[in-house]
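Each chain, written out:
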Amino acid sequence: MSCAHSSSETEAWRLRQTPQGKLVPGDLELTQRTLSAPAKDEVLVEVCWLSVDPYMRTRMQSSGYDYLNRDGMGKWTSGSYLSAWGLGRVLEVGSEVGDKVASGDWVVGHLPVARHGLVRFSSERGALPPLVFGAQQTAPVDWLHARGMTGFTAWLAMCHYARPRASDTVLVTGGAGAVGSLAVQWALTSGARVLASAGSSAGREWLSSLGVTGVLDHGSPEVFAEQLRQLAPGGLDLHMEQLGGATFASAIDAVRSHGRVVLCGLVSQYNEAEPRRAPPNLQRLVSVGARLQPFVVPGHEAEHWGRFQQQAASPPASAFAAPLEVIDGLESWAEALCGLLVSGNRRGPGKRVIQLQAFNPVDVQRRR
Ligand SMILES: NC(=O)c1ccc[n+]([C@@H]2O[C@H](COP(=O)([O-])OP(=O)(O)OC[C@H]3O[C@@H](n4cnc5c(N)ncnc54)[C@H](OP(=O)(O)O)[C@@H]3O)[C@@H](O)[C@H]2O)c1
């Protein structure tokens, strides 16, 4: 399909109906979407890679989680076309952005979940404008993980908010996932005693290979609670929560007097009909005088993105393991997103991404 003219069709994913509880592939549909020529502040891209993220399910919740209120990034309701952090090749450039980007360049930013789409170059309310990389560069896929939004999330959690000390016992739940895998490695650099959990044996083996002190199985709440008692008999100084539910409650029980909790996410709750229910023992954090720090990435970019980039590009972070779990084809999107919300469903550790196509540089020349 060609897209480089005034208006054309492309394949795009949209929400068919707002899910009630568990998201299933039938809640999403791949349809034809009409694309117009890029406006003066837009570029037309051929989408090459897309990140698949748990927060996407929260954008479908009628009860809220509408923290992403920027243009095109708010709540998804029936008929909404989906977007994702991704990597694309520029095919056409709007009249006012020719000084920033050229045909053939790579663009990283919020892209449509589609084969082709329009990307706006004006940044709104402190959001990052799309990142541009030269046409001759090999696909900068690092920017989908360690250098991109998952890397930024892990850095905000561990380096900005949690700041582990060498004397700390630290727990990271969901340690083999995208954010967790990097957060664990940041925690290890502090010299702390680091514990981490995964729902699959492959994830737990991978965490062991990083050199963590102890690995827990969050697939079973009872097993997790017992392992936590054994591995942290004196309690936790610092806990990074990513799952919610029973494992969060066990971690709260283990937090020491004046301990710290960084609340990054609650993925086990996103498919629940009542996702905002707090753990029943939340009061314990008050009793022990713990500090609870929830955070969300939007709003941190203007102040912190530059420092994150400096640190991500330098040792020790430049040597962090940052595996990608690559799934082929735009048509795999619905299965890939639904599967992300189920424990033990990953083929490997790290970041789940969809590869739409290996882009041929000769093709880029032809499209100019
Ligand atoms: N605060 C923010 O701004 C921000 C930004 C990005 C992400 N987050 C949050 O951070 C968390 C991790 O995100 P991510 O990008 O690293 O996602 P991810 O790569 O999918 O990792 C999440 C891990 O959670 C586990 N999991 C998935 N569904 C589960 C369920 N139903 N019950 C228990 N465990 C489950 C999976 O591990 P196993 O397969 O090993 O069980 C998965 O590897 C999520 O809660 C996400 O919402 C927050």
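As recorded by an unreviewed UniProt entry, the chain carries the name Enoyl reductase (ER) domain-containing protein and is attributed to Halomonas huangheensis.

Colleague: Pulling in residues and values, what's your account of the site of the ligand?
Modeller: If you check the shell around the ligand, you find 34 residues, and the closest are G177, G199, G265, S268 and S343. Sorting the residues of the shell around the ligand by element identifies α2 (149-162) and α3 (178-189) as the ones contributing at least two each. Looking at which element gives the most residues to the shell around the ligand, the answer is α3, with 3 residues. Counted by class, the shell around the ligand contains 16 nonpolar, 15 polar and 3 charged residues. Two domains each put at least three residues into the shell around the ligand: domain 1 (7-141 + 324-367) and domain 2 (149-299 + 308-312).

Colleague: Quick rundown of the domain arrangement of the chain? Include the residues and the values.
Modeller: Taken domain by domain, the chain comprises domain 1 (7-141 + 324-367) and domain 2 (149-299 + 308-312). Look at where the C-alpha atoms of domain 1 and domain 2 centre, and you get two points 29 Å apart. Listed per partner, the contact involves 21 residues of domain 1 and 23 residues of domain 2. Broken down by class, the residue content of the side of domain 1 that touches domain 2 amounts to 7 nonpolar, 10 polar and 4 charged.

Colleague: Can you lay out the sheet that holds strand β13 (residues 291-294) for me, pointing to particular residues and giving the numbers?
Modeller: The 6 strands are arranged β10-β9-β8-β11-β12-β13 in an open sheet whose pairing can be described as parallel. On the outer flanks of this sheet lie β10 (214-217) and β13, each paired with one strand and no other. When strand polarity is set aside, the average angle formed by the axes of neighbouring strands in this sheet is 15 degrees. The pairing of strand β9 (residues 193-198) with β10 spans 4 bridges and is parallel. Residue pairing for β10: A196 is matched across the bridge by V215. Relative to the sheet, helix α5 (residues 221-231) contacts β9 and β10, its axis offset from that of β10 by approximately 160 degrees.

Colleague: With reference to specific residues and values, describe the pairing of strand β3 (residues 42-51).
Modeller: The element β3 is largely enclosed, with a buried count of 10 among its 10 residues. Here β3 runs beside strand β6 (residues 116-120); their pairing, made up of 5 bridges, is antiparallel. Across the sheet, L44 pairs through a bridge with L118, a residue of β6. In terms of strand pairing, β3 meets strand β4 (residues 83-93) through 7 bridges, oriented antiparallel. When the sheet's bridge partners are listed, L50 is paired in β4 with G86.

Colleague: How would you summarise the packing of α2 against α3 if you had to cite specific residues and measurements?
Modeller: Packing of α2 against α3 brings their axes to within 8 Å, and their N-to-C directions diverge by 40 degrees. By the angle between their directions, the pair α2 and α3 is classed as oblique. Here α2 and α3 pass one another in a crossing that is right-handed. Residues T150, G151, T153, A154, W155, A157, M158 and C159 of α2 form the contact with α3, whose participating residues are A178, V179, L182, A183, W186 and A187. Its residues assigned to classes, the contact of α2 with α3 shows 11 nonpolar, 3 polar and no charged.

Thresholds, definitions, all that
Residues numbered from 1 in each chain as written. Predicted model: local features only at pLDDT ≥ 70, side-chain atom pairs only at ≥ 80, totals over all residues. Near = placed C-beta within 6 Å. Helix = DSSP H or I, 4+ residues; strand = E, 2+ residues; numbered from the N terminus. Nonpolar A, V, L, I, M, F, W, Y, C, P; charged D, E, K, R; others polar. Domains from an automatic or database assignment. Contact = placed C-beta atoms within 7 Å. Pairing = 2+ DSSP bridges. Axes fitted to C-alpha atoms, helices over the stretch in contact; angles between N-to-C directions. Buried ≥ 20, exposed ≤ 12 C-beta atoms within 10 Å, placed from the backbone. Parallel < 35°, antiparallel > 145°, perpendicular 65-115°, else oblique. Left-handed = near helix turned anticlockwise from the far one by under 90°.

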